[in-house]
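# Notes for the structure review
The residues making up each chain are set out below.
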Amino acid sequence: MMITDSLRKEKIEMNLDRNRVVRMFVCGPTVQDKIHIGHARTYIFFDVLARYIRSRGYDLFYLQNITDVDDRIIKKSREEGISAEEVASRNLNLYREILSSIGINSINFFARATLFMDEIRDQVARLLSKGHAYRTSDGIYFRISSFPEFGRLSGQSLESLISGARIAPNENKEDYRDFVIWKLRKEGEPFWESPFGQGRPGWHIEDTAITESFFGPTYDIHGGGSDLQFPHHEAEIAIERSISGEEYLARFWIHTGMVNIRNEKMSKSLGNSVYVSDLLKSYSGSEIRMALLKSGYRSTINFSQDMLDEAKLNSTGLTTLFRKLKNSKPGKGIDNFRTGWIERMQEFLDDDMDTRGAIIALNEFSSYINSNLDNISQDQREYAINVLQWSYDILGIFDLNPDSGSSNSLIESMIDLRNSMRKKKDFHSADMIREKLREGGVYIEDRGDTTVWWIE
RNA sequence: GGAUAGGUGGCAGAGUGGUUAUGCGUGGGACUGCAGAUCCCAUCUAUUAGGGUUCGAAUCCCUACCUAUCCUCCA
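First, a word on what this report is: a plain description of the structure on this page. Note that the structure is a prediction, hence the values are computed from the model and not measured. (Residues numbered from 1 in each chain as written. Chains lettered and ligands numbered in written order. Predicted model: local features only at pLDDT ≥ 70, side-chain atom pairs only at ≥ 80, totals over all residues. Heavy atoms only, no water.)

### What to know about helix H7 (residues 229-244)
Where burial is concerned, most of H7 is hidden: 13 out of the 16 residues are buried. Gly245 lies just past H7 and shows a positive phi near 75 degrees. (Buried < 20%, exposed > 50% of the residue type's maximum accessible area, 1.4 Å probe, protein only. Helix = DSSP H or I, 4+ residues; strand = E, 2+ residues; numbered from the N terminus.)

So, in structure tokens, the structure goes:
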């Protein structure tokens, strides 16, 4: 399959190896607060990518880090009078609940940074001994001048970073572009022991320590939001390659676009964050997935209520189709029945994970089956159910509604009674039964001489 | 100022030289006792502006204007 590699800045063949584990790492959140729709966009995309790669016969290990110690978490712990560890644990639990609500089930391991202190200290020590890092009075810094390729991923040259710089000067640093890898302990902050003094890790080195301990110095896929390209992913590359001497850190770099609100990025200061937990009050996880997967993964999404409402319609349509297929009676079959729908979706996904194209193909499939629903044979019906099942497994943009049509003698007999009323043209009584069923949460639909029902 | 994406109908959003996708919306029709779902047809005189290349440009080139993201908090 083809994928746009952020480092090479072109669409290239993603040649993975079926004979060994495919290693994918995606930058997870700092567990300081609830996650917003922008996080969801990124994690839903990589969830689909992971599912798809696996469906193609690869054994993929999907690793995600969790930043569970940082300035914002510490700030929050002070505000609430509880430990930073408690803040992090609480938000991590919330995070995992939300992931499961939006159908993200592909992550093999969540690596909390604070559980990898040995590996972090070890990386700091190796960088120091190789001359890639140095001590100051407030911490240990990575020496950016020792890694000339810094800036390649984000298209920034070291020089241009000087002219556009808007960072506060720090006289402790040799060069203000240097970044911290170990922060020495400050009063009232959590700290860990280390040979270079009590303190806590800098952000960038957490991820390299985690990936090195799971995958070694190189791995296959590194993903994350495009806002992490600079400086975070640049720093990861600089750290790990300085340590390993390898030509690369990850073979493929994949970045998702931002989700904007009214044309602006979500941020705390603008107060425009849309939290997933709030959306889940009105929309299902699969509807949220539909809304986000309808755009190409690299494009900026301008979030709106309309977008979700439209996705909800799309999603419901597919759920309805699945329900009908499960309940309808087979017909004689139609000639020249069109197949190849899964292959068509695969073509889209093989071309830079075009989920939007795959959804369009799925909608066409939906129209086609709906048009022929009363005529398709048992085999054709099973094929159609397979297509939907496959789409559900990979994209997760609608629901399979397992409750519908299962045998329930009370409901069935009420429907039989209603249909005999209808035959006698006693529509008043028939409508009353329908009303009663609806009060009990049972929806029915007359299709020719059969009646389909489901529970919402 | 630098880097990177873009600017397409009422809205969202494809399309890298030659029948103007697709979804939502809107109008009409079919089906139905009704409802629901679905299907069909139509509709919205759409390509930021100005030049250029070409038989032909949304697509390639130039200029201008505009927008977003990044340039050490960030998914």
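This is not the end of the story, as more comes after the structure.
### Structural notes on the packing of helix H9 (residues 285-293) against helix H10 (residues 305-327)
Any two packed helices are characterised by the angle at which their axes cross and by the distance between the axes. Interhelical geometry of H9 versus H10 gives an angle of 115 degrees and a closest axis separation of 8 Å. The orientation of H9 with respect to H10, classified from their angle, is roughly perpendicular. Crossing hand, H9 versus H10: right-handed. Facing H9, whose interface residues are Ser286, Glu287, Ile288, Met290, Ala291 and Leu292, H10 presents Met307, Leu308, Ala311, Lys312, Asn314, Ser315, Thr316 and Leu318. For the contact of H9 with H10, the residue count by class is eight nonpolar, four polar and two charged. (Axes fitted to C-alpha atoms, helices over the stretch in contact; angles between N-to-C directions. Parallel < 35°, antiparallel > 145°, perpendicular 65-115°, else oblique. Left-handed = near helix turned anticlockwise from the far one by under 90°. Contact = heavy atoms within 4.5 Å. Nonpolar A, V, L, I, M, F, W, Y, C, P; charged D, E, K, R; others polar.)

### Observations regarding the packing of aromatic side chains
Under the counting rule described, the total for this entry stands at 22 aromatic pairs. An angle of 90 degrees between the planes, with centres 6.5 Å apart, marks the rings of Tyr52 and Trp390 as edge-to-face. Taken as a pair, Tyr52 in helix H1 (residues 37-55) and Trp390 in helix H13 (residues 378-394) lie far apart in primary sequence, 338 residues in all. The burial state of Tyr52 is the same as that of Trp390; both residues are buried. (Phe/Tyr/Trp six-rings, centres within 6.5 Å; stacked < 30°, edge-to-face > 60°.)

### So, the pattern of salt bridges
Scanning all chains against the criterion turns up 36 salt bridges. In this structure, Arg447 and Asp374 form a salt bridge, with 2.7 Å as the shortest nitrogen-oxygen distance. Of the two residues, Arg447 is situated in strand S15 (residues 442-447) and Asp374 in the loop between helix H12 (355-372) and H13; the sequence distance between them amounts to 73 residues. Under the relative-accessibility criterion, Arg447 is labelled buried at 18%. Here the residues in one salt-bridge network are Asp71, Lys183, Glu189 and Arg200, joined through shared partners. (Salt bridge = Lys/Arg side-chain N within 4 Å of Asp/Glu carboxyl O.)

### A short note on the protein's contact with RNA strand B
Surveying the vicinity of RNA strand B reveals 53 residues, the closest of which are Arg177, Trp203, Asp227, Leu228 and Lys324. Among the atoms of RNA strand B close to the protein, meaning within 4 Å, 58% are from sugar or phosphate groups. In the environment of RNA strand B, a phosphate oxygen lies 3.4 Å from a nitrogen or oxygen atom belonging to the side chain of Ser367. Within the surface near RNA strand B, the residues separate by chemical class into 15 nonpolar, 21 polar and 17 charged. (Near = heavy atom within 4 Å. Polar contact = N/O pair within 3.5 Å; in protein donor to acceptor, adjacent residues only side chain to side chain.)

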